[in-house]
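Spelled out from the first residue to the last, the chains are:
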Amino acid sequence: MVTLKGICVIGDDGGRSPKTVKLFRNREDIDFDNVEDIDHTQKIALPENFDGEATVLLKPFKFNNVTSLTMYIQDNYGADTTKIYYIGLKGERTGNNNRDKIVITNYELRPNAAYKQQNNDHLFSSKSIQ
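The following paragraphs examine the structure supplied in this document.

Thoughts on the overall build of the protein chain
Thought 1: Across its full length, the protein chain carries 1 helix and 7 strands.
Thought 2: Tracing the protein chain from N to C terminus, the helices and strands come up as β-β-β-β-β-β-α-β.
Thought 3: A buried classification covers 32% of the 130 residues belonging to the protein chain.
Thought 4: The long-range fraction of contacts in the protein chain, counting pairs at least 24 apart against all pairs at least 6 apart in sequence, stands at 77%.
Thought 5: A total of about 8700 Å² of accessible surface is found on the protein chain, and carbon and sulfur atoms cover 46% of it.

Encoded structure:
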């Protein structure tokens, strides 16, 4: 389980970046047929974010003990299609339950050879998820 604190979404230009996102905590029964009928945990407005510098803060009290997160991209900045390059979640592991199921990882948009040469032992001892 984790407590989510923020989200970063990198989208495409030309109006294809996601604009409004509904987040659902610990709901695995959501699909396109019922997403409008179910109460969301939080609705966020994303800025057009092309370089990954903007992080939208979440209400931590609503995102305690998260085991699953469903994101519904409601609209974009005016294009016919939405294009997403990256979704980053920021938070912290809570409790010691199911430690074997938590993945602490680092995704790359572009390969970084310098990072590959570093010792990555610190990734497995940290309590934060980035």
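Some points on the nonpolar core
Thought 1: Grouped together as the largest cluster of nonpolar side chains are 12 residues: Val 2, Leu 4, Ile 7, Val 9, Val 21, Leu 23, Ile 44, Leu 46, Val 56, Leu 58, Phe 63 and Val 66.
Thought 2: Where this core is concerned, the elements lending two or more residues are β1 (2-11) and β2 (18-25).

Focus on the side chain of Gln 42
Thought 1: Along the chain, Gln 42 turns up in strand β3 (residues 42-45).
Thought 2: Among the residues examined, Gln 42 registers a relative accessible area of 8% and is labelled buried.
Thought 3: One polar contact links the side chain of Gln 42 to the main-chain amide nitrogen of Lys 59, over a distance of 3.0 Å.
Thought 4: When neighbours within four sequence positions are excluded, Gln 42 is seen to be in contact with Val 21, Lys 22, Leu 23, Leu 57, Leu 58, Lys 59 and Phe 63.

Looking at the sheet that holds β2
Thought 1: In space, the 3 strands of this open sheet follow the order β3-β2-β5, with antiparallel pairing throughout. Of all strands in the sheet, those bounded by a partner on one side alone are β3 and β5 (69-76). On average, adjacent strands in this sheet sit at an angle of 20° to one another, irrespective of strand direction.
Thought 2: Bridge count between β2 and β3: 4 bridges; the pairing is antiparallel. For Thr 20, the partnering residue across the bridge sits in β3 and is Ala 45.

Quick look at unusual backbone geometry
Thought 1: Notably, Asn 26 is not glycine yet its phi reads approximately 55°, a positive angle.
Thought 2: When you line up the elements, Asn 26 lands in the loop between β2 and β3.

A few points about the pairing of β1
Thought 1: Counted residue by residue, β1 has 9 buried out of 10 residues, so it is predominantly covered.
Thought 2: The pairing of β1 with strand β6 (residues 84-93) spans 9 bridges and is classified as antiparallel. For Val 2, the partnering residue across the bridge sits in β6 and is Arg 93.
Thought 3: As paired elements, β1 and strand β4 (residues 56-57) share 2 bridges and run antiparallel to each other. Note on β4: the bridge partner recorded for Ile 7 is Val 56.

Here's the deal with the pattern of salt bridges
Thought 1: Considering all chains together, one arrives at 5 salt bridges under this definition.
Thought 2: A salt bridge links Lys 5 to Glu 92; its shortest N-O distance comes to 3.1 Å. Remark: Glu 92 occurs in strand β6 and Lys 5 occurs in strand β1; sequence separation between them is 87 residues.
Thought 3: On the basis of relative accessible area, Glu 92 is assigned to the partly exposed category, the value being 38%.
Thought 4: Here Arg 16 and Asp 12 are joined by a salt bridge, their closest N and O atoms 2.6 Å apart.
Thought 5: By relative accessible area, which is 28% here, Arg 16 ends up partly exposed.

The rules behind these values
- Here the residue index of a chain counts from 1 through its sequence in written order.
- Local features in this predicted model are restricted to residues whose pLDDT is 70 or higher, and side-chain atom pairs enter the listing and the counts only when it is 80 or higher, whereas totals over whole chains, interfaces and linings include all residues.
- Side-chain descriptors were evaluated using all non-hydrogen atoms of the structure, hydrogens and water having been removed beforehand.
- Starting at the N terminus, helices and strands are each numbered in turn, a helix being any DSSP run of H or I of at least four residues and a strand any DSSP run of E of at least two.
- Relative accessibility under 20% of the residue-type maximum defines a buried residue, over 50% an exposed one, and the middle range a partly exposed one, all with a 1.4 Å probe and only protein chains included.
- The contact criterion used is simple: two residues touch if any of their non-hydrogen atoms lie within 4.5 Å.
- Per-residue accessibility takes into account occlusion by the displayed protein chains alone, with areas from the Shrake-Rupley method and a 1.4 Å probe.
- We define a nonpolar core as any set of buried Ala, Val, Leu, Ile, Met, Phe, Trp, Tyr and Cys residues linked to one another through side-chain atoms lying within 4.5 Å.
- Any pair of nitrogen or oxygen atoms within 3.5 Å is treated as a polar contact; in protein, a donor-acceptor pairing is required on top of that, and neighbouring residues in sequence qualify only through side-chain atoms on both sides.
- Strand pairing is assigned whenever DSSP detects at least two bridges linking the two strands.
- Axis definition: a line fit to C-alpha positions, over the contact stretch in the case of helices; interaxial angles, taken between N-to-C directions, run 0 to 180 degrees.
- The rule for a salt bridge is simple: a side-chain nitrogen of Lys or Arg has to be within 4 Å of a carboxyl oxygen of Asp or Glu.

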